[in-house]
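A closer look at the structure
In case you want the letters, here they are:
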Amino acid sequence: MHLLDLSPTWLDKCQQFTTLDAHTEGEPLRIITSGYPEIVGDTILEKRQYVTEHLDRYRKLLMHEPRGHADMYGALLTPPVTEGADFGVLFLHNEGYSSMCGHGILALVKVAVETGNIEVGCERKIIKIDAPAGLITASAYRDQTGKLVVSFHNVPSWAEALNCSVTVEGLGEVNYDIGFGGAYYAYVDADALGINCRAENVAQLIDLGRRIKLAVMAAHPLVHPLEQDLSFLYGTIFTSNETTNTRSHSRHVCVFADGEVDRSPTGTGVAGRIALLRAKGEVALGECLHIESIVDGCMQVTAIEKTDFNGKAAVIAEVSGRSFITGRHQFFVDGDDQFQDGFMLR
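Computed from a prediction, not measured in an experiment: that's the story for all the values here.

Calculation rules
Residues numbered from 1 in each chain as written. Predicted model: local features only at pLDDT ≥ 70, side-chain atom pairs only at ≥ 80, totals over all residues. Heavy atoms only, no water. Helix = DSSP H or I, 4+ residues; strand = E, 2+ residues; numbered from the N terminus. Rg over C-alpha atoms; globule rule 2.2 N^0.38 Å. Buried < 20%, exposed > 50% of the residue type's maximum accessible area, 1.4 Å probe, protein only. Contact = heavy atoms within 4.5 Å. Areas by Shrake-Rupley, 256 points an atom, 1.4 Å probe, with all protein chains shown as cover. Core = buried A, V, L, I, M, F, W, Y, C linked by side-chain atoms within 4.5 Å. Polar contact = N/O pair within 3.5 Å; in protein donor to acceptor, adjacent residues only side chain to side chain. Salt bridge = Lys/Arg side-chain N within 4 Å of Asp/Glu carboxyl O. Expected span 1.5 Å × (residues − 1). Pairing = 2+ DSSP bridges. Phe/Tyr/Trp six-rings, centres within 6.5 Å; stacked < 30°, edge-to-face > 60°.

Before going further, it helps to examine the overall build of the protein. From N to C terminus, the protein includes seven helices and 18 strands. The globule rule puts the C-alpha radius of gyration for 346 residues at 20 Å, and the 20 Å found for the protein is close to it. When each of the 346 residues of the protein is scored for burial, the buried share is 53%. A separation of at least 24 residues holds for 63% of the contacts in the protein among residues at least 6 apart in sequence. By element, 49% of the accessible surface of the protein is carried by carbon and sulfur atoms, the whole surface being about 15300 Å².

So this is what it looks like as structure tokens:
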């Protein structure tokens, strides 16, 4: 039996999508390479609004079960919209569309290089990417062993609020900071609350992360200095000093969107964290921190320079991490399939 020889008659009635999948420090990225209609809009934010209003069923199809899962993450490439940019990207997840994604940027550069779309040698190559949060400058080069080294300079990151507190059902009074690193996060000291940040405690982390996010959203409205579309709390980041590797500064567990858990330390999250640590005087400019994830992935983050962003005392964070290609997929949507928009179970 030739089980891979699908009937042309059956294929003709199916909608088809192809993807190239990767991960950065354990966090998946499904890069959609074909199947989407044209995405309308002159800016990345306009394109994001268009897919939200007109093409959202495709996000559900590829992120949700049975083709994805509750913690799947995706990237949809677009033509560049900024002079000098190499390409644009929209980021997808279980709830909608994020403004920026550090692990996604690192994986996209890895895939672009390994597929031959961008040539990289021992000299540092600059790649510019249009993201909803702004223009991202990434770089890549091959070290002396031939391994690819990728990093990016994030959009300006800042401490939005320090030393706040809110009452959370089931936890009582919770202290938090809010940092922006391409998205807004509420940062909570897990050690102070007696919360275990290991993988075996993921169910409690999801539950408490959701509760904290909702409580902070209600108590602390956010207004981005430039874009209303970025004025929302993306998630909760638990921080812990209990690390696996002795070189690590701390551990992050990011619960974002609809209870999604980042397997990496979160690229935008580590950028927001170093902005908070700078504001508190706990890290020096140019000092590199290693931050672990819930599955012991690790990202490096450095505040490389100070800047002003529309009145915000901000820093430019450089973030790096390891990415790997995991598979190539072809998805079919049978017109009779009752789960064309997918579903989610936890």
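Next up on the list: the nonpolar core. Phe-91, Ile-129 and Phe-238 are the most contacted members of the largest nonpolar core, which totals 85 residues. With eight residues, the single largest contributor to this core is helix 4 (residues 102-114). Counting 18 residues, the second-largest nonpolar core is a separate cluster that includes Val-51, Leu-62, Leu-76 and Leu-92.

Note on placement: Glu-292 falls in strand 15 (residues 288-292). Between the C-alpha atom of Glu-292 and that of Asn-245, which follows or precedes it by 47 residues, the distance is 8.1 Å. Once you skip the residues sitting within four places of it in the chain, Glu-292 turns out to touch Thr-243, Thr-244, Asn-245, Ser-248, Ser-250, Arg-251, His-252, Pro-265, Gly-297 and Cys-298. Separated by 2.6 Å, the side chain of Glu-292 and the backbone nitrogen of Asn-245 make a polar contact.

Note that Ser-151 resides in strand 8 (residues 148-153). Contact partners of Ser-151, with chain neighbours within four places excluded, come to Leu-106, Arg-124, Ala-138, Ser-139, Glu-318, Val-319 and Ser-320.

A word on the pattern of salt bridges. Tallying each qualifying case throughout the model produces 16 salt bridges. In this structure, the salt-bridge partner of Glu-160 is Lys-312, at a minimum N-O distance of 3.1 Å. A residue pair is termed long-range when its members are at least 10 positions apart, and Glu-160 in strand 9 (residues 157-168) and Lys-312 in strand 17 (residues 312-320) qualify at 152 residues. On the basis of relative accessible area, Glu-160 is assigned to the partly exposed category, the value being 22%. Judged by its relative accessible area of 23%, Lys-312 is partly exposed. Its salt-bridge partner being Asp-258, residue Arg-210 comes within 2.9 Å of it at the nearest N-O pair. Of this pair, Arg-210 sits in helix 6 (residues 202-219) while Asp-258 sits in the loop between strand 13 (250-256) and strand 14 (260-261); the two residues are 48 residues apart in sequence, bridging distant segments of the chain.

For an α-helix, 3.6 residues make a turn, and residues three or four places apart therefore share a direction. For helix 6, with 18 residues, the first-to-last C-alpha span of 25 Å sits near the 26 Å given by 1.5 Å per residue. Among the residues of helix 6, Leu-205, Ile-206, Leu-208, Gly-209, Ile-212, Lys-213, Ala-215 and Val-216 are the ones counted as buried. Residues of helix 6 that are buried sit in contact with strand 9, strand 10 (172-180), strand 11 (184-189), strand 12 (233-240), strand 13 and strand 14.

This next bit is on the side chain of Asp-177. Its location among the elements puts Asp-177 in strand 10. Within the structure, the side chain of Asp-177 is placed 2.5 Å from the side chain of Lys-280, a separation counted as a polar contact. Those residues in contact with Asp-177 that sit more than four places away from it in its chain are Ala-161, Leu-162, Asn-163, Tyr-185, Ala-186, Tyr-187, Leu-276 and Lys-280.

With an omega of 5°, the peptide bond between Glu-65 and Pro-66 qualifies as cis. Summarising the element assignment, Pro-66 is placed in the loop between helix 3 (56-63) and strand 3 (74-78). Of note, Glu-25 is a non-glycine position whose phi angle comes to about 50°, a positive value. The backbone of Asp-296 sits at a positive phi, close to 70°, despite the residue not being glycine. Looking at the element boundaries, Asp-296 is found in the loop between strand 15 and strand 16 (298-309).

We now examine helix 3. Of all eight residues in helix 3, six are buried; the element is thus mostly enclosed. For helix 3, the set of buried residues is Asp-56, Tyr-58, Arg-59, Leu-61, Leu-62 and Met-63.

As a further point, take the pairing of strand 15. Regular strands place side chains that alternate from one sheet face to the opposite one. Counted residue by residue, strand 15 has four buried out of five residues, so it is predominantly covered. Relative to strand 15, strand 13 runs parallel, the two sharing two bridges. When the bridges of strand 15 are listed, Arg-251 appears paired with Glu-292. Of the pairings in the sheet, the one linking strand 15 to strand 16 comprises five bridges and is antiparallel in character. Looking across to strand 16, one finds that Cys-288 is bridged to Thr-302. Between the antiparallel neighbours strand 15 and strand 16 lie five residues, among them Asp-296 with a positive phi of about 70°.

When we look at a pair of aromatic rings, we describe it by the centre distance and by the angle of the planes. All chains considered together, the criterion is met by 15 aromatic pairs. Considering the side-chain rings of Trp-10 and Phe-332, the 5.4 Å spacing of their centres and the 65° angle between planes classify their relative orientation as edge-to-face. Of this pair, Trp-10 sits in helix 1 (residues 8-12) while Phe-332 is found in strand 18 (residues 323-334), placing the two residues 322 residues apart along the sequence. Residue classification places Phe-332 among the partly exposed residues on the basis of a relative accessible area of 21%. With 6.4 Å between their ring centres and 75° between their planes, Phe-17 and Tyr-36 make a pair best called edge-to-face.

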